[in-house]
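Secondary and tertiary structure notes
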Amino acid sequence: MKRREFLAAAGAGALVSALPFRWTEASWNKPRKILYFTRSAGFEHSVVARKGKDLAHSERLLTEWCKEVNVEVVCSKDGGVFDGDLDQFDAIALYATGDWTKPVDRPNEPPATETGVKRLLDAIAAGKGVIGFHAANDAFHSRGSEVSPFVKMIGGEFLSHGRQQEATIRVASPKFPGCQNLGKSFRMLEEWYAMKNLADDLHVILIQDTEGMVDACYQRPPYPSTWARMHGKGRVFYTSLGHREDVWESKIMKDLTLGALAWVLGEVAFDPVPNVKEVTPGANQLSR
């Protein structure tokens, strides 16, 4: 799909002006540093796949956006990073799939240790913020009825997806940072995740409107596609957006990402009061 066609499909929301508060260095309290971890022990998405030593598509864009707000981004596929100094990072961004402790057949991507993963979860519970993009909830899957600690942290678990298609996303929380200009809904072409084990304390920001969607995994009531929640003292944000390169290039993605980053870093105040039962009462119902 060409960029002009994508913007038309995404609707007027993709062309809105910048957020109402200034995304400049002056608008942040101090310089910040975040880790963007993109090691894929499962399917590696094109937006995090590197060509040689060049940063991947999403790594490059996130780095560029964060420069505008005086935030340094450290991009890494080294699972050993969680055994190191996590205090140097003010927040963690994730686009990593599978069991991070398993080896992969790509060079220079050593696995995480179980101790490192636990250190990350403990750091989040102690107050470190997290932003999860798209495949961030396709990691450390639950076994049977026991929800994994990682899934409990992120707030929901990847179940499946159908074909890429244009769908309607409804805005449940227009006051969440980055959502002020989205209107009541927008349409976008994307690979949409069907999810399970959605936590009952989610503050739903965007809703996947399943009406009119094709493929069996979407034949269910509307469910959260983007949310915020507290994990202990840590602020957690997740969005299913981010499979396609042109989605990353959209104004919607940039505004939502920077708004979420401002929230997880404590630069803006927002109380993620759980609303999942009110706005998506059938969230965990997997069929109509």
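Residues numbered from 1 in each chain as written. Predicted model: local features only at pLDDT ≥ 70, side-chain atom pairs only at ≥ 80, totals over all residues. Heavy atoms only, no water.

This brings us to the sheet that holds strand S6 (residues 165–171). Across the sheet, 9 strands lie side by side as S2-S1-S3-S4-S11-S10-S9-S6-S7; this open sheet has mixed pairing. Because the sheet does not close on itself, it has two edges, and the strands there are strand S2 (71–76) and strand S7 (185–190). Geometrically, the sheet is characterised by an average inter-axis angle of 20° between neighbouring strands, direction not taken into account. Taken together, the 4 bridges between S6 and strand S9 (residues 203–209) define a ladder with antiparallel strand orientation. Its bridge partner lying in S9, Ile169 is registered against Gln208. (Pairing = 2+ DSSP bridges. Helix = DSSP H or I, 4+ residues; strand = E, 2+ residues; numbered from the N terminus. Axes fitted to C-alpha atoms, helices over the stretch in contact; angles between N-to-C directions.)

With that settled, the discussion passes to the confidence of the model for the chain. On average, residues of the chain score 92 in pLDDT, and 91% of them reach the 70 mark or higher. Within the model, the stretch residues 1–26 combines pLDDT values under 50 with 56 contacts to residues more than four positions away or in other chains. (pLDDT = per-residue confidence, 0-100. Contact = heavy atoms within 4.5 Å.)

Right, let's get into the nonpolar core. One finds Tyr36 and Trp100 to be the most contacted residues of the largest nonpolar core, which totals 88 residues. Sorting elements by how many residues they give to this core places helix H6 (residues 251–264) first, with 9 residues. (Core = buried A, V, L, I, M, F, W, Y, C linked by side-chain atoms within 4.5 Å. Buried < 20%, exposed > 50% of the residue type's maximum accessible area, 1.4 Å probe, protein only.)

Even without glycine at this site, Asn108 takes up a positive phi of about 60°. Turning to its location among the elements, Asn108 is positioned in the loop between strand S3 (91–94) and helix H3 (114–125). Here the phi dihedral of Asp215 falls at roughly 85°; this positive angle occurs in a residue that is not glycine. Looking at the secondary structure, you find Asp215 in the loop between S9 and strand S10 (223–231).

Time to look at H6. The terminal C-alpha atoms of H6 lie 20 Å apart, and with 14 residues this matches the ideal 20 Å at 1.5 Å per residue to within 8%. Judged by how many residues are buried, H6 sits mostly within the fold: 12 of 14 residues are covered. Of all the residues in H6, the buried ones are Ile252, Met253, Asp255, Leu256, Thr257, Leu258, Gly259, Ala260, Leu261, Ala262, Trp263 and Val264. Following H6 by one or two positions, Gly266 has its phi on the positive side, about 80°. (Expected span 1.5 Å × (residues − 1).)

Turning our attention to the pairing of strand S1 (residues 32–37). A large share of S1 lies buried, amounting to 5 of its 6 residues. Sheet topology note: the S1/S2 ladder contains 6 bridges and is parallel. Looking at S2, one finds that Leu35 is bridged to Val74. Two strands pair when backbone bridges link them, and S1 and S3 are joined in this way by 4 bridges, in the parallel orientation. Within S3, the residue paired with Leu35 across the bridge is Ile92.

The next subject is the environment of Asn70. Relative to the helices and strands, Asn70 resides in the loop between helix H2 (57–67) and S2. With relative accessibility at 26%, the residue Asn70 sits in the partly exposed group.

Turning next to the state of the cysteines. Inspection of the entire model under this criterion finds 0 disulfides. This cysteine, Cys75, is not joined by any disulfide, and Cys66 carries the nearest cysteine sulfur, 9.1 Å off. (Disulfide = S-S within 2.5 Å.)

Another point: the pairing of S3. The alternating pattern of S3 places Ala91 and Ala93 and Ile92 and Leu94 on opposite faces, both of which are buried. In terms of strand pairing, S3 meets strand S4 (residues 129–133) through 4 bridges, oriented parallel. Bridge pairing links Leu94 to Gly132 in S4. Note that the unit made of S3, H3 and S4 has a crossover that is right-handed. (Right-handed = clockwise from strand over helix to strand, strands pointing away.)

This next bit is on the side chain of His203. Tracing the sequence through the fold places His203 in strand S9. Judged by its relative accessible area of 8%, His203 is buried. In terms of polar contacts, His203 uses its side chain to reach the backbone carbonyl oxygen of Val273, at 2.7 Å. Setting aside anything within four residues of it in sequence, one finds His203 in contact with Ser173, Thr226, Trp227, Ala228, Phe270, Pro272, Val273, Pro274 and Asn275. (Polar contact = N/O pair within 3.5 Å; in protein donor to acceptor, adjacent residues only side chain to side chain.)

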